[in-house]
Amino acid sequence: MGAAMRRIHVGNALSAFGLGFTVPYLYVYVAQVRGLGSVTAGLVLAVFAVAALIVLPFAGRAIVRRGPLPVLLAALVLAAVGALSLGVSGQAPTVLASAAALGAGQAVMQPALATMIVDCSTSETRSRAFALQFFLQNLGLGVGGLIGGHLVDTSSPASFTLLFAIEAAMFLVLTAVLATVRMERAPRTGEVPEEQSTRNSWKQLLGNRAMVQLLVLGFVLFFACYGQFESGLSAYGVEAAGISTSALGTALAANTLMIVVAQFAVLRFVERRKRSRVIASVGLIWAVAWAIAGYAGLGHGSQTMATAAFVSTYALFGLGESLLSPTLVPLVADLAPSGMAGQYNSAFALVKQLALAVGPAVGGPLAAALPGPYIVVFLLFSLGMTVLAVRLGRQLTEVQDRPWLLRSRVVRQGVAPAGSTTAPAEA
């Protein structure tokens, strides 16, 4: 890794560490600590999703016009202001406004950071770069949540103010770290060919059949997995499987532990397989996970067996996530024309946020009312993900689906690949 990539990864870990302090306790903070009730707390969570859906279409254009670094720095400052104000707000209007600022800043961080990683990596190093990003995100969230759990006290609003202040401080530290990164000058709209200009960028993106199929696949993926973690699947575990809240925490820990342990173990396997086949295999793994969850809630075993099955479900989801991290976002980057990575990353982040907004709204009530159909529906969604991945593979070029072929061809020809120089050095 060059100096720029190292700082990007350090910054990514810091931001995840800061988020870990507050994300698990946001609902409790608004509803109970501030005494604003469950309705306001639900609105706060909805505001996060709505803010992301509003800003992400514009984030891609800004990244293409200005480059990812200035956009990321502005998003970090906005998120820091939102986090700090949320920690001191006691009324519904200020809480909602603060949540909107924090949600918008967090949403823009994702495509901006992804675009910086793309700009500082090559086709050969990109999978490992995104695998490391995902590893650090989960590690940071887990450590931050663990420390935050020991600091928080529901009887003391000041303890929550401290958590949000720490989160804001992490965003500002990340701003200072990334402000020292030296990136290549971002392409201006006038320097990009007309067919790639900002005005036509969405039209061009939607005309890319492979990218459209990837967006559909991404929606199904995030809807059927991430959109169920803290809503439908947890409701199903408590209501149908009789899982205790402590066992639910163990299941979430098993998910994070699986990612941390398996991420680099599976990387060598992933790097020599077709990306479409890897994604298809994740759909099969998650289908097995949903089947095990069905046994946990609908089987006739002991409570110990049901708990073990439920924990195994979350662990299998983590295994699938570790396979996706070096595959999915690098594929988005490889589908993007030169200078358009920010637009494509923003579009993918927009689809992700939409799925994360719709997933809990559908999964939660369904799991509580109809646990059997809930399992069947999401098992079929996972199998559908496999079908979509196989179909996507037919739209990809050989190098897009098997990026290591580019390196193999270059080695055989004895020349350096175009654009494979190392990231720009620090000034």
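This text follows the structure it describes.
On a predicted model such as this, the values are computed, not experimentally measured, just so you know. The numbering scheme is per chain: residues are counted from 1 as the chain's sequence reads. Side-chain atom pairs in this predicted model are given and counted only at pLDDT of 80 or more, local residue features only at pLDDT of at least 70, and totals for whole chains, interfaces and linings cover all residues. Note that water and hydrogens are dropped before the side-chain values are worked out from all heavy atoms of the structure.

Participant: Looking at this model, I keep getting lost on the overall build of the protein chain. Mind explaining?
Facilitator: A run of H or I in DSSP counts as a helix once it spans at least four residues, and a run of E counts as a strand once it spans at least two, with each numbered from the N terminus. Looking only at helices and strands, the protein chain features 19 helices and zero strands. Here's how the labels work: a residue is buried when its accessible area is under 20% of the maximum for its type, exposed when over 50%, partly exposed in between, all with a 1.4 Å probe on protein chains only. When the 427 residues of the protein chain are sorted by exposure, 50% land in the buried category. Expressed as a percentage of contacts within the protein chain between residues at least 6 apart in sequence, the contacts between residues at least 24 apart total 84%. The method behind every accessible area is Shrake-Rupley, applied with a 1.4 Å probe, and residues are considered shielded solely by the protein chains displayed. Approximately 18,000 Å² of the protein chain is accessible, and the part contributed by carbon and sulfur atoms is 65%. Two residues qualify as a contact provided that any one of their heavy atoms is within 4.5 Å of a heavy atom in the partner residue.

Participant: What should I look at first to understand the packing of helix α16 (residues 341–369) against helix α17 (residues 371–395) in this one?
Facilitator: The description of two helices packed together rests on the angle between their axes and the distance between the axes. Packing of α16 against α17 brings their axes to within 6 Å, and their N-to-C directions diverge by 135 degrees. The orientation of α16 relative to α17 falls into the category oblique. Only P371, Y374 and F378 of α17 make contact with α16, whose side of the interface consists of G363, L366, A367 and A369. By residue class, the composition of the contact of α16 with α17 is six nonpolar, one polar and no charged. Inter-axis angles, ranging from 0 to 180 degrees, are taken between N-to-C directions of lines fitted to C-alpha atoms, where helices are fitted over the stretch in contact. Angle categories are assigned with fixed cut-offs, so that under 35 degrees is roughly parallel, over 145 is roughly antiparallel, 65 to 115 is roughly perpendicular, and the rest are oblique. Classification used: nonpolar for Ala, Val, Leu, Ile, Met, Phe, Trp, Tyr, Cys and Pro, charged for Asp, Glu, Lys and Arg, polar for all others including Gly.

Participant: What's the story with the packing of aromatic side chains in this structure? I'm lost.
Facilitator: Any aromatic ring pair is given by two values, namely how distant the centres are and how the planes are angled relative to each other. Between rings of Phe, Tyr and Trp, where Trp is taken as its six-membered ring, a pair exists when centres lie within 6.5 Å; planes separated by under 30 degrees are stacked, by over 60 edge-to-face, and by other angles tilted. Taken as a whole, this structure holds 16 aromatic pairs when the rule is applied. On the numbers, 5.5 Å between centres and 55 degrees between planes, the contact of W286 with F317 is tilted. Taken together, the residues span a long stretch of sequence, with W286 in helix α13 (residues 275–298) and F317 in helix α14 (residues 303–324) at a distance of 31 residues. The two residues W286 and F317 agree in class, both being buried. The rings of F219, F223, Y236, W286, W290, F317, Y374, F378 and F381 are connected pair by pair, giving a single aromatic cluster.

Participant: Teacher, can you tell me more about the side chain of Q353 here?
Facilitator: Considering the arrangement of structural elements, one finds Q353 in helix α16. If sequence neighbours within four positions are ignored, Q353 has contacts with A52, L53, L56 and Q110.

Participant: Can you help me understand the pattern of salt bridges in this one?
Facilitator: Opposite charge on two side chains permits pairing when their charged atoms draw close. Salt bridges are counted wherever a side-chain nitrogen of Lys or Arg sits within 4 Å of a carboxyl oxygen of Asp or Glu. In the structure shown here, the tally under the stated rule is two salt bridges. Across the pair R126 and D334 runs a salt bridge whose closest N-O atoms are separated by 2.8 Å. Residue R126 is located in helix α6 (residues 126–151), and its partner D334 is located in helix α15 (residues 328–335); the two are separated by 208 residues in the primary sequence. The closest approach of N and O atoms between D334 and R275, which form a salt bridge, is 2.7 Å.

The quantities given are spatial measurements derived from coordinates; they are silent on function.
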